[in-house]
Amino acid sequence: MTIHSGQFRTIISPLQLNSPWGRRIYWTVLVTVVITFTLAFVFPLYWMITGAMKTGEEIAQMPPTLFPADPTLDAYAEAWSLFDLGTLLGNTAYYSLGGWIFCMLVDVSAAYALSKLRPMFGTVILGAMLATLMIPAMVVLIPLYVTVVDLGLLNNPWGLWFPAAANGFNVFLLKRFFDSIPKELVEAAQIDGAGPVRVLWSVILPISRPILGVVSIFTIVTSFKDFTWPLLVMTDSDKMTLSVGLSQTAGMVSQNAIMGGLVVASIPTIIVFFIFQRHIMAGLTAGSIKG
Amino acid sequence: MGVLRRNLTAYGFLCAALFCFAVFAWYPMIREFILSFQETNLIDPPTWVGLDNFEYAVKYPGFTEAWIATLQFTFLALVCGFVVPFVVALVLNELRHARAYLRFVVYLPVMLPPIVAVLLFRWFFDPGPGLFNQILGLVNLPGLAWLDSPHTALISLVIVSTWMNMGSATLIYLAALQNIPPELYEAAELDGAGILKRIRHVTIPQTKLILLLMLMLQIVATMQVFIEPYMLTGGGPAGSTVTVAYMMFQFAFTNQNYGVAGALGMMLMIVLLVFAAFQLRLTREDKA
């Protein structure tokens, strides 16, 4: 079978690839890579999901069983009540979605002002916003915590939302996209009598769907995954996020229930990944190479 | 629209962002500086103590060890987290089948909340029924103590860290590899360059910038490692996994000594800023 290179020309030439030895080596490498990747990245997840389907005795058994002997969903039910997963999931969803809406409102209007309204000191402001990206997150953690304590925002969702909205990278990505929108479009709308809010809403935003999508996904996923900051800010057990709740209770629960909790915590981001795979991968390379 | 009105409208749109940045990004940067010269527990009024916090941190037992652990972790994480993704990307780029599957799978752990990866691996590292020792047992190798031994604890943390982070680096390298013009490989081949020479003289020079950039980014990211030691080892065994970030966290939230934590943060920041400045220079060269 001929191995087609498609549009790519890589290190190994199509000719070499299709020599008898080339083909043998190619298929061997391919099969090895597929098996290794599946074992390295999918098998741990399989082990997690099936671990939660085993009974307490089976999960501690040596050597372990590859398939649960008697698959049961008891551990999931146990995890649900022990970790209070309903509350944790609800909290996390509320913080992520609320933070997303606030972050988009703040960052989109800032990027719009910097890109299309071009105020005095605009470049200075953008520069100062980007400078925050230079400061390592762990270093700002403590003074930020002190600030949030001073403002009395502990155990208040705004303690998560305000710092999340101060995201220089989002402003930068959005501004760069808005910059590419032709001036004529905005001017035409202005001649038709549209004010700045109308221009943003009816001209800029509809064109900017791709970048809005990428920024939205990354904002939601980042806040869903975040651990250290919510650990400090949302300390009341009925206000904790999923990650923090799992970490606090994990010491007191059996191994199969922990795995049940982890499976539940993984489901939302995995679903997001399945649906928005293309956007996520495109956003990853666009943001990091050009940013 | 008049200049004044345009400016007023613009600042109207900017005010929410300016508030967020001023209070939650710019002010904390200044506060970090102030904090490191104060003694404060957030309850009593702070007092100015000059350089005492720095002196205290430097003389604190375990200070040097924390830096050594951080550097060791960074070095090990780079060997795994920098070299492995590049080699993986090189191989993936040569493959003509299962590309979508392989890319999906390598990025899967990046999507998981870190707490999931960390708690999952804590179970794998369990010296008894844990997966890793069971696999070692299958091939008749003796089990390791993993997180329980000062010799293997740090490398165990690096394994988790690499597993959950390597996906993004791999995909970024893959994108960079696909941007290499095919003519270069064809020309190199005509000149009689073998596969290794093509990698050395075409692939690496063509991706040099992104490689250097990622190196800097990863150094900065790994030197801040926190969740792994916090969740997996609690700094142990025998303090072998106390990193600077972890130590800082302990000073602040276990000892309520925010000043010393601030001083440690300043030191960490200076080290990281040197790398960041280097990175900025590389980005500039890219644009030139």
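Just so it is clear, the structure is predicted and the values come from calculations on it, not from any experiment.

What to know about the overall build of chain B
- On a plain count of helices and strands, chain B comes out with 12 helices and 2 strands.
- Listing every helix and strand of chain B by position from the N terminus yields α-β-β-α-α-α-α-α-α-α-α-α-α-α.
- Against the globule reference of 19 Å for 288 residues, chain B gives a C-alpha radius of gyration of 24 Å, more extended than a compact globule.
- The dimensions of chain B, computed from C-alpha atoms along their principal axes, are 75 × 70 × 30 Å.
- Looking at the 288 residues of chain B, the share that counts as buried comes to 43%.
- When contacts within chain B are restricted to residue pairs at least 6 apart in sequence, those whose partners lie at least 24 apart make up 68%.

Quick look at the overall build of chain A
- Within chain A, the regular secondary structure consists of 15 helices and 0 strands.
- The C-alpha atoms of chain A give a radius of gyration of 25 Å, which is well past the 19 Å a tight globule of 291 residues would have.
- Overall size of chain A, expressed as C-alpha extent along the three principal axes, is 75 × 65 × 35 Å.
- Out of the 291 residues in chain A, the part that is buried amounts to 38%.
- Of the contacts formed within chain A by residues at least 6 apart in sequence, a portion of 71% connects residues at least 24 apart.

Points about the interface of chain B and chain A
- Across the boundary between the two partners, chain B contributes 81 residues, which contact 79 residues of chain A.
- A total of 21 residues in the side of chain B that touches chain A trace back to one element, the largest contributor, which is helix H1 (residues 3-35) of chain B.
- Of the residues assigned to the side of chain B that touches chain A, the class counts are 60 nonpolar, 12 polar and 9 charged.

As for the domain arrangement of chain A
Residues and elements named next belong to chain A.
- As far as domains go, chain A holds domain 1 (14-75) and domain 2 (78-290).
- Between domain 1 and domain 2, the C-alpha centre-to-centre distance is 34 Å.
- Of the residues lining the interface, 9 residues belong to domain 1; the matching set on domain 2 comes to 10 residues.
- For the side of domain 1 that touches domain 2, the secondary-structure elements that each account for two or more residues are helix H2 (20-51), helix H3 (56-60) and helix H4 (74-82).
- In terms of residue count, the dominant contributor to the side of domain 1 that touches domain 2 is H2 (3 residues).
- Along the lines of polarity and charge, the residues of the side of domain 1 that touches domain 2 split into 5 nonpolar, 2 polar and 2 charged.

A word on the confidence of the model for chain B
Residues and elements named next belong to chain B.
- Across chain B, the average pLDDT comes to 87, with 98% of residues at or above 70.
- The weakest mean pLDDT in chain B belongs to helix H12 (residues 258-287) at 82; the strongest belongs to helix H5 (residues 114-124) at 93.
- If you check the scores for this complex, the pTM reads 0.88 and the ipTM reads 0.88.

Details of unusual backbone geometry
- Backbone geometry at Phe 121 of chain A places phi at a positive 65°, although glycine is not the residue there.
- Here Phe 121 of chain A lies in the loop between helix H5 (85-117) and helix H6 (122-131).
- Within the chain, Gln 256 of chain B stands out as a residue other than glycine whose phi angle is a positive 55°.
- Position of Gln 256 of chain B among the secondary structure elements: in the loop between helix H11 (244-253) and H12.

Concerning the confidence of the model for chain A
- Per-residue pLDDT for chain A averages 88, and the proportion of residues at 70 or more is 95%.
- Taking the mean pLDDT of every element in chain A, the minimum, 77, falls on helix H1 (residues 14-17) of chain A and the maximum, 95, on helix H8 (residues 158-165) of chain A.

Quick word on the nonpolar core
- In this structure, Leu 262 of chain A together with Met 248 and Leu 264 of chain B are the most contacted members of the largest nonpolar core, which totals 154 residues.
- Mapping this core onto the domain boundaries places at least three of its residues in each of domain 1 (14-75) and domain 2 (78-290) of chain A.
- Ignoring sequence-local partners within four residues, the contact set of Leu 264 of chain B consists of Ala 57, Val 244, Met 247, Met 248 and Phe 251 of chain B.

Regarding the environment of Pro 229 of chain B
Residue and element names in this part refer to chain B.
- As for its position among the elements, Pro 229 is in helix H10 (residues 227-233).
- With 54 residues separating them along the chain, Pro 229 and Ala 175 place their C-alpha atoms 32 Å apart.
- Leave out the neighbours within four places in its chain, and Pro 229 touches Leu 157, Gly 235, Thr 241, Val 242, Thr 243 and Tyr 246.

Some points on the packing of helix H3 (residues 63-94) of chain B against helix H7 (residues 153-178) of chain B
Residue and element names in this part refer to chain B.
- At a closest axis distance of 7 Å, the pairing of H3 and H7 adopts a crossing angle of 40°. On the basis of the axis angle, H3 is oblique to H7. As H3 packs across H7, the resulting crossing turns out to be right-handed.
- Of the residues that constitute the contact of H3 with H7, the class distribution is 21 nonpolar, 8 polar and no charged.

Details of the environment of Leu 264 of chain B
- If you trace the backbone, Leu 264 of chain B turns up in helix H12.
- Given 29 C-beta atoms within 10 Å, Leu 264 of chain B falls into the buried group.

Rules used throughout
Throughout this document, residue positions are counted from 1 along each chain, in the order its sequence is written. The order in which chains are written sets their letters, starting at A; the order in which ligands are written sets their numbers, starting at 1. With the structure being a predicted model, the display of local features is reserved for residues of pLDDT at least 70 and the display and counting of side-chain atom pairs for 80 or more, all residues being used for whole-chain, interface and lining totals. Numbering goes from the N terminus for both helices and strands, where a helix is a DSSP run of H or I of at least four residues and a strand is a run of E of at least two. We compute the radius of gyration over the C-alpha atoms and compare it with the globule rule, which gives 2.2 Å times the number of residues raised to the power 0.38. Field definition: a residue is buried when 20 or more other C-beta atoms are found within 10 Å of its C-beta, exposed when 12 or fewer are, and partly exposed for counts in between, with C-beta atoms placed from the backbone. The contact criterion used is a C-beta to C-beta distance within 7 Å, with each C-beta placed from the backbone. Gly falls in the polar group here, along with every residue not listed as nonpolar (Ala, Val, Leu, Ile, Met, Phe, Trp, Tyr, Cys, Pro) or charged (Asp, Glu, Lys, Arg). An automatic or database domain assignment is the source of the domain bounds shown. Along the chain, pLDDT gives the predictor's confidence residue by residue, from 0 to 100. Put simply, a nonpolar core is buried Ala, Val, Leu, Ile, Met, Phe, Trp, Tyr and Cys residues tied into one set by C-beta atoms within 7 Å. All axes here are fitted lines through C-alpha atoms, helices being fitted over the stretch that makes contact, and every angle between N-to-C directions spans 0 to 180 degrees. Oblique is the label for any angle not under 35 degrees, not over 145, and not in the 65 to 115 range, which are roughly parallel, roughly antiparallel and roughly perpendicular in turn. Note on convention: the crossing is left-handed when the near helix lies turned anticlockwise from the far helix by less than a right angle, right-handed when the turn is clockwise.

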